[in-house]
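If you want the building blocks of each chain, they are given just below.
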Amino acid sequence: MNSEQRYRSTLRGMAPSPAWQKETLEAMQAAQARRKRPSLRRPLTFAAAAAVLVLGVTGGVWWSSRMETDPNGPGVAQTPDPAVTPTSAAESPEVWNESFALVTDPSQLMGKNPTAGRLEELTELPVYENPAIPSSPEAEELMHTLAQSIAQSLGLTAGSYIFESGTDNRPWLTMDCADGTQIVLHGLNHRRIYSGSDSEALWARLCESVRNASEGFTVEEEILEEYNFDGTPHTVRSVFATHPDVDLEMQLYFYSFFNRYTLEGGNIYQAATSTALQAPPGELVYPLRSEEDALACFRSGDYWGAHYTSHPEQAEILQVTIEYDTTEGQPYFQPVYRILYTQDYWDEVIADWMFDGVDPSPYMGVGIAYVPAIEPEYQDEVPYQRYFNDGLAHHTPE
């Protein structure tokens, strides 16, 4: 059997059977029992990645701010002298350069992360490689086959495609479908579907495909919503499969990767870990820093993300969870603390920034900060990076 026949044969059996589901859960539980302390695994070979990638299609057919603070400014956490009444942060020019999301209630950006209120149950988590692959005829063949399978699962007619080398050793494949939909693959783990006509109908078909391919699992929908300054909503919807009878680590794995798709702006996105599919939940396991340590890091001004506050030491913390960062450009998919926070002086900023005729009173600002969850002493082994507008979205006290 040649490589094309092997890929197509595997693709025909991608819907997870009850036996596959049972074996996957048993494999994850066995991996938890045998894994060791931090030790870098050998890089995943292309052949191994190719062999497992096809499992993630229909059996898994898935946001300018200032990036630095003034070293002499208020971005450094300080303990104010209790005998002195501090100047209101709203009087600082820096607050007018801050960025945040606009909501009517913080719960609109809390989602369904299973770690909410349960962080004490997690002391270590696996990290998954996001392997770079060279541009080659083998990579082109695999990615073309994958794109065709995605199209077929959604009832689309596949057409011509373009294969391009990527600057990050992750090639791109863009395939046109008969109805104008485009399917875009970036390396092994990132897929995008740009609807050519009715994105809601396409999303409905995809959700139905996920439900059909997730027998024995619970399919959840997560809705995050914020608003533009003209009062119009911006909604992000995700669907993912989970299982009721697994521990929190496995629930987080399912929440992050298993049959997870996201609809935003009429387009569909998916990040899937080909390495995790090989041997979930992986062997590259690291201890986690505490929630208190992550919050101290944020309050010092050292955090990542598109949102920015010049006074992190004054922020009111609304929610802290752990999630896997699956944004593009990651050498590893690794756990990060997601810190949802607000500032009381943002009400004044909102009142000034809202469009004429829009009542600002229903709205409040919330920010999201990300702090790597791996213990700092190991972070050189699994470096973290997060991008926004093609630049590193890292805020530091310096």
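Relevant structure appears above.
Quick caveat: nothing in here was measured; it's all calculated off a predicted structure.

All right, on to the overall build of the protein chain then. When helices and strands are counted, the protein chain shows nine helices and 20 strands. Counting every position in the protein chain, which comprises 398 residues, the buried fraction comes to 51%. For the protein chain, the exposed surface amounts to about 17600 Å²; the carbon and sulfur share of it is 48%.

This paragraph deals with the pattern of salt bridges. Note that side chains of opposite charge can pair when their charged atoms are close. Applying the stated criterion across every chain yields a total of nine salt bridges. Put simply, Arg-118 and Glu-121 hold a salt bridge, and the shortest N to O gap is 2.9 Å. Its relative accessible area of 26% is what places Arg-118 among the partly exposed residues. Glu-121 sits in the partly exposed class, given a relative accessible area of 42%. Residues Arg-237 and Glu-221 are paired through a salt bridge, measuring 3.5 Å at the closest nitrogen-oxygen approach. Linking Arg-237 in strand 9 (residues 233-242) with Glu-221 in strand 8 (residues 218-227), this pair joins segments that are 16 residues apart in sequence. One continuous salt-bridge network, built from bridges that share partners, spans Glu-200, Glu-221 and Arg-237.

Before going further, it helps to examine the side chain of Arg-260. By the element assignment, Arg-260 lies in the loop between helix 6 (248-257) and strand 10 (261-264). For Arg-260, a relative accessible area of 10% corresponds to the buried category. A polar contact is formed between the side chain of Arg-260 and the side chain of Ser-238, at a distance of 3.4 Å. Reaching out from Arg-260, the side chain makes a polar contact with the backbone oxygen of Tyr-255 at a distance of 2.9 Å.

This brings us to the environment of Leu-185. Tracing the chain through its elements places Leu-185 in strand 6 (residues 182-186). Between the C-alpha atom of Leu-185 and that of His-144, which follows or precedes it by 41 residues, the distance is 9.0 Å. With sequence-adjacent residues up to four places away left out, Leu-185 is seen in contact with Met-143, Leu-146, Ala-147, Ile-150, Pro-171, Trp-172, Leu-173, His-190 and Arg-191.

The subject of this paragraph is helix 8 (residues 291-299). Each α-helix winds once per 3.6 residues, and so residues spaced three or four apart point in a common direction. Ala-294, Leu-295, Cys-297 and Phe-298 are the residues of helix 8 that are buried. Considered in projection along helix 8, the buried side chains sweep an arc of 155° and stay on one side of the axis. Just downstream of helix 8 lies Gly-301, where phi reads positive at about 100°.

Here the focus is the packing of aromatic side chains. Going through the model one piece at a time under the given rule, you end up with 22 aromatic pairs. Geometrically, the ring pair formed by Tyr-253 and Phe-257 is tilted, given 5.8 Å between the ring centres and 55° between the ring planes. Taken together, the positions of Tyr-253 and Phe-257, both in helix 6 and four residues apart, correspond to about one turn of that helix. The residues Tyr-253 and Phe-257 share a single accessibility class, namely buried. Between Phe-257 and Phe-333, the ring centres sit 6.0 Å apart and the planes meet at 40°, which makes this aromatic pair tilted. Linking Phe-257 in helix 6 with Phe-333 in strand 15 (residues 332-333), this pair joins segments that are 76 residues apart in sequence. Exposure remark for Phe-257: the relative accessible area of 5% places this residue in the buried category. Owing to a relative accessible area of 0%, Phe-333 belongs among the buried residues under this scheme. An aromatic cluster of at least three residues, connected via ring pairs, comprises Phe-100, Phe-229, Phe-298, Tyr-303, Tyr-341, Tyr-345, Trp-346 and Trp-353.

Here the focus is the nonpolar core. Nonpolar side chains tend to gather and get buried jointly when the protein is soluble and globular. Core analysis: the biggest nonpolar cluster contains 51 residues, and Phe-298, Ile-322, Tyr-337 and Val-371 have the highest contact counts within it. At the level of secondary structure, the elements contributing two or more residues to this core comprise strand 9, helix 6, helix 8, strand 14 (316-324), strand 15, strand 16 (335-342), helix 9 (346-353) and strand 17 (364-372). Ranked by residues supplied to this core, first place goes to helix 6 with seven residues. Residues Leu-156, Phe-163, Leu-206 and Ile-268 belong to the second largest nonpolar core, which totals 27 residues.

Let us look at the pairing of strand 10. Sheet topology places strand 9 next to strand 10; four bridges connect them, and they run antiparallel. Within strand 10, the residue paired with Val-236 across the bridge is Glu-264. In this structure, strand 10 lies alongside strand 11 (residues 267-271), joined through three bridges in antiparallel fashion. Note on strand 11: the bridge partner recorded for Leu-263 is Ile-268. Hairpin remark: strand 10 followed by strand 11, antiparallel, with two residues in the connecting loop; positive phi at Gly-265, about 65°.

Take helix 5 (residues 199-212) next. An ideal rise of 1.5 Å per residue puts 20 Å on 14 residues; helix 5 measures up with 20 Å between its terminal C-alpha atoms. Taken residue by residue, helix 5 has Leu-202, Trp-203, Leu-206, Cys-207, Ser-209 and Val-210 as its buried positions. Buried residues of helix 5, seen end-on, are gathered within an arc of 155° and therefore sit on one face of the element. Structurally, the start of helix 5 carries an N-cap: the backbone nitrogen of Glu-200 is 3.1 Å from a side-chain oxygen of Asp-198.

Here we take up unusual backbone geometry. In this structure, Asn-259 takes a positive phi of about 55° despite not being glycine. Along the chain, Asn-259 turns up in the loop between helix 6 and strand 10. Residue Asn-259 is classed as buried on the basis of its relative accessible area, which comes to 1%.

Turning our attention to the environment of Gly-166. Along the chain, Gly-166 falls in the loop between strand 4 (158-164) and strand 5 (172-177). A C-alpha to C-alpha distance of 7.7 Å links Gly-166 and Ser-135, two positions 31 residues apart in sequence. The contacts of Gly-166, once residues within four sequence positions are left out, are Pro-171 and Trp-172.

Rules and cut-offs
All residue numbers here refer to positions counted from 1 along the written sequence of the relevant chain. Thresholds applied to this predicted model are a pLDDT of at least 70 for local features of residues and 80 or more for the giving and counting of side-chain atom pairs; totals over whole chains, interfaces and linings are not thresholded and use all residues. To get the side-chain values, take all heavy atoms of the structure and skip hydrogens and water. The helix count covers DSSP runs of H or I at least four residues long, the strand count covers runs of E at least two residues long, and both are numbered beginning at the N terminus. Classification of residues uses two cut-offs on accessible area relative to the type maximum, computed with a 1.4 Å probe and protein chains only: under 20% is buried, over 50% is exposed, and between them is partly exposed. Exposure was quantified through the Shrake-Rupley algorithm and a 1.4 Å probe, taking into account, for residues, occlusion by the shown protein chains and nothing else. One speaks of a salt bridge when a side-chain nitrogen belonging to Lys or Arg is within 4 Å of a carboxyl oxygen belonging to Asp or Glu. In the analysis that follows, any N or O atom pair within 3.5 Å is treated as a polar contact, provided that within protein one partner can donate a hydrogen and the other can accept it, and provided that, for residues neighboring in sequence, both atoms belong to side chains. In this description, contact between two residues means that some pair of their heavy atoms is separated by no more than 4.5 Å. As used here, the arc belongs to the directions running from the helix axis to the C-beta atoms. Pairing of aromatic rings covers Phe, Tyr and Trp, the last through its six-membered ring, and needs centres within 6.5 Å; plane angles under 30 degrees mean stacked, over 60 mean edge-to-face, and all others mean tilted. Only buried Ala, Val, Leu, Ile, Met, Phe, Trp, Tyr and Cys residues count toward a nonpolar core, and they belong to the same one when joined by side-chain atoms within 4.5 Å. Whether two strands pair comes down to DSSP finding at least two bridges between them. Under the convention used throughout, the expected extent of a helix is 1.5 Å for every residue step, that is, one less than its residue count.

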